[in-house]
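# Inside the fold
What follows is the residue order along each chain.
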Amino acid sequence: WRSLKNRIIPKVESFLIKEKTDKSGATVKSLRSSVTLALMKLFQKFPLKIFEEKLPKLITVVCGALRNKESNERDIAKDTLSKMAVSLDLKYLPLILSELSVALYEGYKLHVRSAALHSILVALSKKYQQPAVQSDDEIASLPFERCVPAMLDIIHQDIFGKASEIKEVQHVQKRLIKEAMGSKSQDSLEIIARNILFRPSVIAVSVKETLPGLPHASAVHALITPLLERLRDPEVSPSTIRKVKECLQRITVGLSNNPTANYDELLPFVFATVSPFVYGRMNPNTDEDNLDDSDGEEDVPIEVSKSGAREASKSKPEGSTTATSSVAVATWNPSSLGAAESKRAALIAKKKAKHDLHKVIDGVSAPKFTGSSRNSSLQSSSSKT
């Protein structure tokens, strides 16, 4: 064991990265995928403590290879990382996601990060099977549900964050980065929705403590709630609405293929999700607050009291309950003078007005000039001739 730990393993680890020189003379580092996977298989034979000590370094090396500017080298690194995620237990998936977020954090690396997450989810979806859950508290131990907030963080940054802004800039040369062409994040949302445990009605204290990223103690709430919160923004842009709509459509497709989504859970969840946008927030004091626009004045019908009744009311004692006579304000209606007596008369008047509008007035019936200077233009023209 001592020779294996001190001599063989360090020697094999030195072969993880291969350095070569390209045509321009620059040094290019490439990942040896076969050596990486073989070394991981060897580490899995070790005791758990030693394995967990060696694994982070191996993942760091693979994630570092994703920063390579050569697309072929990035593809090799993504394929290697996907195979590692499938071979490892799902409890190590948060380690892979955290290392992705640390190694790929700016520029073109943001596109590579979302593409790497998509390749991992595609590889996992081929072999992942949802475990049977006997009680609500067992949801806290499901590793895939624990990773949902971290995966959504990467996805939202790609769709709505800085990575999306880089894609929308016109002068960026997208052809240099293959991962910048299109977006795999919507596919990732569909895969997550297809593989999560659909239990929106579960509210367990243990789940809330162990999963602080899930505010409603359910993975499906963590999937839907951030998208709905973007729609609640009063200044939301049309492009954001379009992106949210596309994301919700892909999530719907994923949930329709989820074997754990039954009608008993799905229909109440749909109603609780849609009803706030249809009916608004169910607040009984909302109508009273909206009607309070009269500066404290009550809406009382306008009445005009007769002068005699006003004087009589002054002479009556205060304790008298006799109602004073009042006259309602007369309503005003437009005058009907000159209006057509029938529909036929109105049609004839309309045709006559249209004919008079296009009638040419000339000769004797032409309009006459008036005023003291009505003949000045004629005199000036005759004097010139």
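Quick look at the structure, then.

Analysis parameters
Residues numbered from 1 in each chain as written. Predicted model: local features only at pLDDT ≥ 70, side-chain atom pairs only at ≥ 80, totals over all residues. Heavy atoms only, no water. Helix = DSSP H or I, 4+ residues; strand = E, 2+ residues; numbered from the N terminus. Buried < 20%, exposed > 50% of the residue type's maximum accessible area, 1.4 Å probe, protein only. Polar contact = N/O pair within 3.5 Å; in protein donor to acceptor, adjacent residues only side chain to side chain. Contact = heavy atoms within 4.5 Å. Salt bridge = Lys/Arg side-chain N within 4 Å of Asp/Glu carboxyl O. Phe/Tyr/Trp six-rings, centres within 6.5 Å; stacked < 30°, edge-to-face > 60°. Lys NZ or Arg CZ within 6 Å of the ring centre and 35° of its normal.

The topology assignment puts Thr36 in helix α2 (residues 33-44). By relative accessible area, Thr36 is classed as buried at 1%. Here the side chain of Thr36 touches Arg32 through a polar contact of 2.8 Å, landing on its backbone oxygen. Once residues within four sequence positions are removed from consideration, Thr36 is found in contact with Leu16, Leu31, Leu58, Val62, Thr80 and Met84.

Our focus in this paragraph is the pattern of salt bridges. In total, this model carries 10 salt bridges according to the counting rule given. One salt bridge in this structure joins Lys83 and Asp79, with 3.3 Å as the shortest N-O distance. Placement of both Lys83 and Asp79 in helix α4 (residues 71-87) is noted, with a separation of 4 residues, approximately one turn of the helix. A salt bridge links Asp187 to Arg250; the nearest nitrogen and oxygen atoms lie 2.4 Å apart. Placement of Asp187 in helix α10 (residues 185-195) and of Arg250 in helix α13 (residues 238-256) is noted, with a sequence separation of 63 residues between them. Here Arg250 falls in the partly exposed class, since its relative accessible area comes to 26%. Salt bridges linked by common partners bring Asp187, Glu190, Arg194 and Arg250 together as one network.

You can see His156 is positioned in helix α8 (residues 148-159). When near neighbours in sequence (up to four residues on either side) are disregarded, His156 contacts Gly161, Pro226, Leu227 and Arg230.

Here we come to the packing of aromatic side chains. The way to describe two aromatic rings as a pair is by their centre distance and the angle between their planes. Taken as a whole, this structure holds 4 aromatic pairs when the rule is applied. Taken together, a centroid distance of 5.9 Å and an interplanar angle of 45 degrees make the contact between Phe43 and Phe46 tilted. The buried category is assigned to Phe43, whose relative accessible area is 1%. Consider the rings of Phe51 and Tyr92, whose centres lie 5.6 Å apart with planes at 85 degrees: the pair is edge-to-face. Of this pair, Phe51 sits in helix α3 (residues 48-65) while Tyr92 sits in the loop between α4 and α5 (93-103), and the two are 41 residues apart along the sequence. Taken as a pair, Phe51 and Tyr92 share a single burial class, namely buried. Looking at Arg230, its charged tip hangs above the ring of Phe160, at a distance of 4.1 Å from the centre.

In short, the description is geometric, and any link to function would need to be established separately.
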